Amino acid sequence: MIKIRSKKIEGIIDEIIDQYAYADTSDRPWIIGFSGGKDSTVLLTLVWIALQRIREEMPFPFQLKRKVYVVCNDTMVENPIIANYVEDVLAIISESARDQDLPIFVKKTTPKLEESFWVNVIGKGYPVPNNAFRWCTDKLKIRPTSNFLLEQIDEKGEAIVLLGTRYEESVTRERSMKKHEVTGNRLSRHQTTTNTYVYSPIKDMFLEEIWYVINTVKSPWGFDNSILFKIYSDASADDYECPTVVVNKEHNSCGQSRFGCWTCTVVKTDKSMTALVDKGQNWMQPLLDFRNRLVENRNLSENRSNRRRNGQEAVREDGSFNGNYNAEYRYKILKDLLEVQKEVQKDRPYVTLINNQELIAIQVIWNRDGIFDNTVGKLYKEIFDKDINTNNIKSLDDTERRILRDVCKDDKGYYDLIDNLISLQETKTLMISKYGLHNDVEKRIENFVNPPKK
């Protein structure tokens with residue numbers, strides 16, 4: 001049995017045991033938001049130890065009837081180092097839970113294809129997020145996890161979400177946590193989801209205590225916590241931000257860096273990725289440079305259209321454009337991204353910055369937006385010298401295209417129109433919303449009959 005030389009932390013474990021087995025006699029599932037970072041790692045560690053003790057000390061096996069879901073949300077643009085680490089950790093958590101006969105289950109969530117970062121930015125032309133337009137949090141993080149949460153509520157009626165939030169993180173975080181707490185109750189109501197409660201067992205823990213657990217308590221699922229410590233240490237730009245309980249000479253600092261999306265443009269500078277590059281992860285330099293280009297080019301008028309996707313005019317007082325990204329810039333971002341991916345894969349062949357499904361979805365949206373001059377498949381072929389099938393149904397083969405060209409030899413415009421309409425028709429079989437397809441077809445024909453003035 002794992003024992004911890006801290007009365008405070010042992011007290012938290014006792015509280016978790018009481019809440020799981022005694023204070024709440026229902027079988028409402030526990031859902032632990034697990035990012036793989038220091039706080040969620042400590043939260044899961046203490047819950048795991050509590051479940052081990054319930055199994056070892058209590059004679060009735062039904063005491064472990066409540067399921068505990070370890071839910072990890074993959075935004076699909078996570079920092080590759082932490083993403084790879086989390087993949088390894090989740091695999092061991094799942095295996096160890098089975099071996100120890102604990103009711104712990106791993107669940108990984110991802111955004112819907114049409115809501116992924118690249119489909120929004122390159123496909124739809126959404127400007128990359130900033131503090132005024134922070135669309136990423138909802139689409140990439142909140143919605144995927146909320147969908148799983150709602151599934152559990154539908155099945156059990158209610159659910160309890162365990163969070164690794166702590167008062168010490170910030171004054172704003174402490175104020176927000178206390179606003180929703182009920183004096184004398186461990187559980188508070190979820191801010192947005194009905195029939196859901198929030199439990200924050202480690203809310204009173206200090207940073208030093210977090211690192212004490214990671215550095216001195218053996219991982220109950222058998223992972224090497226020193227790997228996590230080193231990731232934080234390498235990503236820390238300022239050692240003074242890293243107070244920790246020193247348990248050996250290597251633990252002179254730990255890092256309070258926050259890991260998130262490598263594409264994050266909400267922050268002015270990505271300190272953690274910069275620190276990783278400075279400490280030897282040179283293969284990440286192209287990622288950092290690309291991310292910085294996204295920030296620098298975000299508000300340039302030449303990259304934006306004069307309307308938003310909803311048709312609303314988006315022209316600033318000085319006459320510059322402030323709408324979604326125009327077709328030329330979307331193509332430029334994709335080309336830049338694929339070239340960065342090719343460069344990174346020379347050293348890290350397992351790193352994929354954008355997947356094939358996203359590429360297909362981007363082509364679909366471009367077709368729906370009337371963008372036919374540039375194609376994803378042609379660009380991919382140009383950069384990687386291999387084909388990617390950007391359609392999932394039978395398209396025109398070479399013979400059919402030759403016949404069509406012969407028929408339309410007197411006016412190539414008709415060939416382009418028919419090819420464009422076929423591409424639009426194909427979108428109805430894909431995962432993207434079919435809404436407005438009829439109007440898109442009509443618009444393409446209208447533009448052919450009455451070309452817009454340049």
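In case you missed it, the structure is sitting above this.
Computed from a predicted model, the values in this text were never measured in an experiment.

### Observations concerning the overall build of the chain
Right, on to step 1. Along its length, the chain carries 16 helices and six strands.
Right, on to step 2. Taking the contacts inside the chain whose residues are at least 6 apart along the sequence as the reference set, 70% of them involve residues at least 24 apart.

### Notes on helix α8 (residues 225-235)
Quick reminder: α-helices carry 3.6 residues per turn. Residues three or four places apart thus point the same way.
Right, on to step 1. For α8, the buried fraction is high: eight of the eleven residues fall into the buried class.
Right, on to step 2. All of the buried residues along α8 are N225, L228, F229, I231, Y232, S233, D234 and A235.
Right, on to step 3. Packed against the buried residues of α8 are α2 (38-57), α3 (80-99), α7 (207-216) and α9 (271-278).

### Re the pairing of strand β6 (residues 196-199)
Right, on to step 1. On β6, burial covers both faces: T196 and V198 on one face and Y197 and Y199 on the other are all buried.
Right, on to step 2. Pairing of strand β4 (residues 159-162) with β6, which is carried by four bridges, proceeds in the parallel orientation. Residue pairing for β6: L162 is matched across the bridge by Y199.
Right, on to step 3. Bridging between strand β5 (residues 187-189) and β6 involves three bridges; their strand directions are antiparallel. From the neighbouring strand, R189 faces β6, where its bridge partner is Y197.

### With respect to the environment of I4
Right, on to step 1. Along the chain, I4 turns up in the segment before α1 (7-23).
Right, on to step 2. The class for I4 is buried, based on a relative accessible area of 7%.
Right, on to step 3. Distance from I4 to V217, taken between C-alpha atoms, is 7.0 Å for residues 213 residues apart in sequence.
Right, on to step 4. With residues near it in sequence (within four places) discarded, I4 still touches I9, E10, I13, L46, I49, Y212 and V217.

### Remarks on the side chain of R28
Right, on to step 1. Assignment of secondary structure puts R28 in the loop between α1 and β1 (30-33).
Right, on to step 2. Here R28 falls in the buried class, since its relative accessible area comes to 14%.
Right, on to step 3. In terms of polar contacts, R28 uses its side chain to reach the side chain of S26, at 3.2 Å.
Right, on to step 4. The contact partners of R28, leaving out residues within four places of it in the chain, are R66, E158, I160, L187 and Y197.

### Thoughts on the sheet that holds strand β3 (residues 104-109)
Right, on to step 1. Strand order in the open sheet formed by six strands is β3-β2-β1-β4-β6-β5, with mixed pairing between adjacent strands. In this open sheet, the two edge strands, each paired with only one partner strand, are β3 and β5. In this sheet, neighbouring strand axes are inclined to one another by 30° on average, regardless of whether the strands run parallel or antiparallel.
Right, on to step 2. With four bridges connecting them, β1 and strand β2 (residues 68-73) associate as parallel partners. Bridge assignment links I32 to a residue of β2, and that residue is V70.
Right, on to step 3. Across the sheet, α2 touches β1, β2, β3 and β4, and the angle it forms with β1 is around 150°.
Right, on to step 4. The strands touched by helix α5 (residues 135-156) are β1, β2, β3, β4 and β6; relative to β2, the strand with the most contacts, the crossing angle is about 160°.

### A short note on the pattern of salt bridges
Right, on to step 1. All told, the structure shown has 22 salt bridges when counted by the stated rule.
Right, on to step 2. The residue E158 makes a salt bridge to R28 at a minimum N-O spacing of 2.9 Å. Pair noted here: E158 is in the loop between α5 and β4 and R28 is in the loop between α1 and β1, with a separation of 130 residues, a long-range link.
Right, on to step 3. Salt bridges linked by common partners bring D24, R28, R66 and E158 together as one network.

### Quick word on the nonpolar core
Right, on to step 1. Core analysis: the biggest nonpolar cluster contains 103 residues, and L46 and W118 have the highest contact counts within it.
Right, on to step 2. With ten residues, the single largest contributor to this core is α2.
Right, on to step 3. Ranked by size, the runner-up nonpolar core spans eight residues in total, among them I31, F148, L149 and A159.

The rules we used
- Residues numbered from 1 in each chain as written.
- Predicted model: local features only at pLDDT ≥ 70, side-chain atom pairs only at ≥ 80, totals over all residues.
- Heavy atoms only, no water.
- Helix = DSSP H or I, 4+ residues; strand = E, 2+ residues; numbered from the N terminus.
- Contact = heavy atoms within 4.5 Å.
- Buried < 20%, exposed > 50% of the residue type's maximum accessible area, 1.4 Å probe, protein only.
- Pairing = 2+ DSSP bridges.
- Polar contact = N/O pair within 3.5 Å; in protein donor to acceptor, adjacent residues only side chain to side chain.
- Axes fitted to C-alpha atoms, helices over the stretch in contact; angles between N-to-C directions.
- Salt bridge = Lys/Arg side-chain N within 4 Å of Asp/Glu carboxyl O.
- Core = buried A, V, L, I, M, F, W, Y, C linked by side-chain atoms within 4.5 Å.

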